[in-house]
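Here are the chains, one letter per residue:
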Amino acid sequence: MTPEGISELISRVSLRDRAAFDVLYAATSAKLFGVCLRVLGNRTEAEDALQDIYVKIWNKAGRFAVADTSPISWLVAIARNHCIDVLRSRKPAAVELDQAAEVSEPSPNPEQAAVASGEAQRIYDCLGQLEADRAAAVRGAYLNGDSYEALASRHNVPLNTMRTWLRRSLIKLKECLEG
Amino acid sequence: MSPTEPDDNMIPEGDDFIAAEYVLGVLPEQERREVARRIETDKPFAELVARWQTQFDPLNDEYDAAQAPQQLKSRIDQRLFAIEVASSSSFWNNIAFWRGLAFAALAFAVIGIGRDLIERPARISEQLVASMETQGSSVHTLAIFDDQTKKLKVTVVSGDMPKDRSLELWLIAGNEAPVSLGLMVSPQVTEFNLSSPLLAKLRDGTTLALTVEPVGGAPGGAPTGPIVAAGIVRKI
């Protein structure tokens, strides 16, 4: 489906068009469920999250018109943010660390990078300029929803050190992305 | 590299960094909640968040699509629409309430179709769809053309199929006479095979309509009964 098609569906959903909501779900739920599975690492939680996410999409569809972003990015951001909220509200930190260990470290995906072009390529190029472990921390945070605690423990550094690492990485990234 | 290296215990907390931390998702629960509240009320800060989000958006490609279980959509509909109907009508207005529940149950069918869409990357193929309904009829159907199998899949989203009559699907291209595509055999999913001349006519702007016909379909090849649902095909 084209981004224009998804945009149109979202604006029709904001007008309370249930048929558009059906089609939007059919066209996008697999992607958003993929986000839930990866961040939450658990099917039951992912299924609950996906329901909450589409309830949010129904209720927030009117905001898409003023968001300066592609429709699928907008939807994925709702899904990611919701899943990370769920992850952070889990009580025992130990669960989170175990979970993080189960998720395989995201490997650089050369095929993806080759397909990506222009703006999309840029984030990969800029991550590539960071030291490998720092780039892995940034990607792990974004893609898996790793918390500072999880990252610090994985990389075997104190929490504040991790925060400093990440901050420096982000400064470098920003320079590279906007440079 | 900045000339003054920040000390591990002295982390500067610029708004831009906080925005990036929020987008990355690393903040603990309480801080994350506070930042989320701030996004709602502080527009310049919200813009910082949006800018970081845009920078990271390309990584979203790395999330592999995965098919959600069939019953999820009907649970979502139940949450959204059954409650909406129940709360907007009187407590005793059971008819509206049950109609809402029935809608949710029938939405299963849509997911049956959706599965086929889902397994392909969302943005690669364009999709021909038509939402069919008409005033005065409770039948609401959804048609999706599957470009891979070249089949038109039609499902009844809400309303009932007549028991002692047939529902016949018609394609109307421009001002041409309706051409029968066949009969609905199931409220869940009925697949229609289209001949090549008809395939060429199924495009953005074509009308699809369902009429009530004698069992087995309209005898003369032209619709005879009332239209219970109609819609225009759109490319999305």
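Only a predicted model underlies this, so the values are computations on that prediction, with no experimental measurement involved. (Residues numbered from 1 in each chain as written. Chains lettered and ligands numbered in written order. Predicted model: local features only at pLDDT ≥ 70, side-chain atom pairs only at ≥ 80, totals over all residues.)

**Q** Looking at this model, I keep getting lost on the overall build of chain B. Mind explaining?
**A** When its secondary structure is counted, chain B shows 7 helices and 9 strands. Buried residues in chain B amount to 34% of all 236 residues. Intrachain contacts of chain B at a sequence separation of at least 6 include 62% that bridge at least 24 residues. (Helix = DSSP H or I, 4+ residues; strand = E, 2+ residues; numbered from the N terminus. Buried ≥ 20, exposed ≤ 12 C-beta atoms within 10 Å, placed from the backbone. Contact = placed C-beta atoms within 7 Å.)

**Q** In this structure, what is going on with the sheet that holds strand β6 (residues 190-193) of chain B? I would like to understand it.
**A** Neighbouring strands of a sheet are bound in pairs by backbone hydrogen bonds; such pairs are parallel or else antiparallel. Residues and elements named next belong to chain B. An order of β6-β3-β2-β1-β9 is seen for the 5 strands of this open sheet, with the pairing classed as antiparallel. Unpaired on one side and paired on the other, β6 and β9 (234-235) mark the two borders of the sheet. Taken together, the 2 bridges between strand β1 (residues 128-132) and β9 define a ladder with antiparallel strand orientation. Its bridge partner being in β9, Val129 is matched across the sheet by Arg234. (Pairing = 2+ DSSP bridges.)

**Q** I'm lost on the packing of helix α3 (residues 43-64) of chain A against helix α4 (residues 71-89) of chain A in this one. Help?
**A** Two measures define how a pair of helices packs: the angle their axes make with one another and the distance between the axes. Residue and element names in this part refer to chain A. Between α3 and α4, the shortest axis-to-axis distance is 9 Å and the interhelical angle comes to 130 degrees. Comparing their axes, α4 and α3 come out oblique. Between α3 and α4 the crossing geometry is right-handed. Note on element contacts: α4 touches α3 through Pro71, Trp74, Leu75, Ile78, Ala79, His82, Cys83 and Val86, opposite Glu45, Ala49, Asp52, Ile53, Lys56, Ile57 and Phe64. A class-by-class count of the residues in the contact of α3 with α4 yields 11 nonpolar, 1 polar and 3 charged. (Axes fitted to C-alpha atoms, helices over the stretch in contact; angles between N-to-C directions. Parallel < 35°, antiparallel > 145°, perpendicular 65-115°, else oblique. Left-handed = near helix turned anticlockwise from the far one by under 90°. Nonpolar A, V, L, I, M, F, W, Y, C, P; charged D, E, K, R; others polar.)

**Q** Would you mind going over the confidence of the model for chain B with me for this structure?
**A** Low pLDDT means the predicted atomic positions in that stretch should not be read closely. Residues and elements named next belong to chain B. When pLDDT is averaged along chain B, the result is 78; 76% of the residues meet or exceed 70. Averaged pLDDT values over the elements of chain B bottom out at 43 in helix α5 (residues 94-106) and peak at 95 in helix α1 (residues 15-24). Across residues 83-109, where pLDDT falls below 50, the model places 38 contacts with residues more than four positions away in sequence or in other chains. Complex prediction metrics read pTM 0.61 and ipTM 0.86. (pLDDT = per-residue confidence, 0-100.)

**Q** Any chance you could explain the sheet that holds strand β5 (residues 179-183) of chain B here in plain terms?
**A** Residue and element names in this part refer to chain B. With respect to topology, 4 strands assemble into an open sheet ordered β5-β4-β7-β8, the strand pairing being antiparallel. Single-partner strands in this sheet number two, and they are β5 and β8 (227-232). Taking the axes of each pair of neighbouring strands and ignoring which way they run, one obtains an average angle of 25 degrees across the sheet.

**Q** Sorry, what's going on with the packing of helix α1 (residues 3-14) of chain A against α3(A) here?
**A** Residues and elements named next belong to chain A. Across the interface, α1 lies against α3 with an axial gap of 7 Å and an inter-helix angle of 110 degrees. On the basis of their axis angle, the class for α1 and α3 is roughly perpendicular. As for the relative orientation of α1 and α3, their crossing is left-handed in sense. Where α1 approaches α3, its residues Ile10, Ser11, Val13 and Ser14 are matched on the opposing element by Trp58, Ala61, Gly62 and Phe64. Among the residues making up the contact of α1 with α3, the classes are represented as 5 nonpolar, 3 polar and no charged.

**Q** Mind showing me how you'd approach helix α8 (residues 132-144) of chain A here?
**A** For the α-helix, the turn length of 3.6 residues means that residues three or four positions removed from each other point alike. Residues and elements named next belong to chain A. Taking 1.5 Å of rise per residue, 13 residues should cover 18 Å, and α8 covers 17 Å from first to last C-alpha, within 8% of that figure. Considered for burial, the residues of α8 that qualify are Ala136, Ala137, Val138, Arg139, Gly140, Ala141, Tyr142, Leu143 and Asn144. Looking one or two residues beyond α8, the residue adopting positive phi is Gly145, at roughly 70 degrees. (Expected span 1.5 Å × (residues − 1).)

**Q** It is not clear to me how the interface of chain B and chain A should be interpreted in this structure. Could you clarify?
**A** How big an interface is tends to be stated in terms of accessible area lost as the parts join. On the chain A side, the residues contacting the 51 residues of chain B number 63 residues. With 6 residues, helix α4 (residues 72-88) of chain B is the largest single contributor of residues to the side of chain B that touches chain A. Grouping the constituent residues of the side of chain B that touches chain A by class yields 29 nonpolar, 10 polar and 12 charged.

**Q** Teacher, can you tell me more about the pairing of β1(B) here?
**A** Looking down a regular strand, the side chains alternate between one sheet face and the other. All names here are of chain B. Judged by how many residues are buried, β1 sits mostly within the fold: 4 of 5 residues are covered. With 5 bridges connecting them, β1 and strand β2 (residues 140-146) associate as antiparallel partners. If you follow Ser131 over to β2, its bridge partner there is Leu142.

**Q** How do you make sense of the environment of Ser137(B) when you look at a structure like this?
**A** Residue and element names in this part refer to chain B. The topology assignment puts Ser137 in the loop between β1 and β2. With 16 C-beta atoms counted inside 10 Å, the residue Ser137 sits in the partly exposed group. On a C-alpha basis, the gap between Ser137 and Gly159 in space is 8.2 Å, while along the polypeptide they are 22 residues apart. For Ser137, the contacting residues outside a window of four places in its chain are Gly159, Val228 and Ala229.

**Q** How do you make sense of the confidence of the model for chain A when you look at a structure like this?
**A** Summary statistics for chain A give a mean pLDDT of 86 and a share of 84% for residues scoring 70 or more. Considering only residues more than four positions removed or in separate chains, one finds that residues 94-116 of chain A, a stretch of pLDDT under 50, has 29 contacts.

**Q** What am I meant to see in unusual backbone geometry here?
**A** Backbone geometry places Asn156(A), a non-glycine residue, at a positive phi of 60 degrees. The exposure class of Asn156(A) is exposed, given the 8 C-beta atoms found within 10 Å. Here Lys150(B), not a glycine, exhibits a phi torsion of approximately 60 degrees, which is positive. By the secondary structure assignment, Lys150(B) is in the loop between β2 and β3 (151-158). Here Lys150(B) falls in the exposed class, since 12 other C-beta atoms lie within 10 Å of it.

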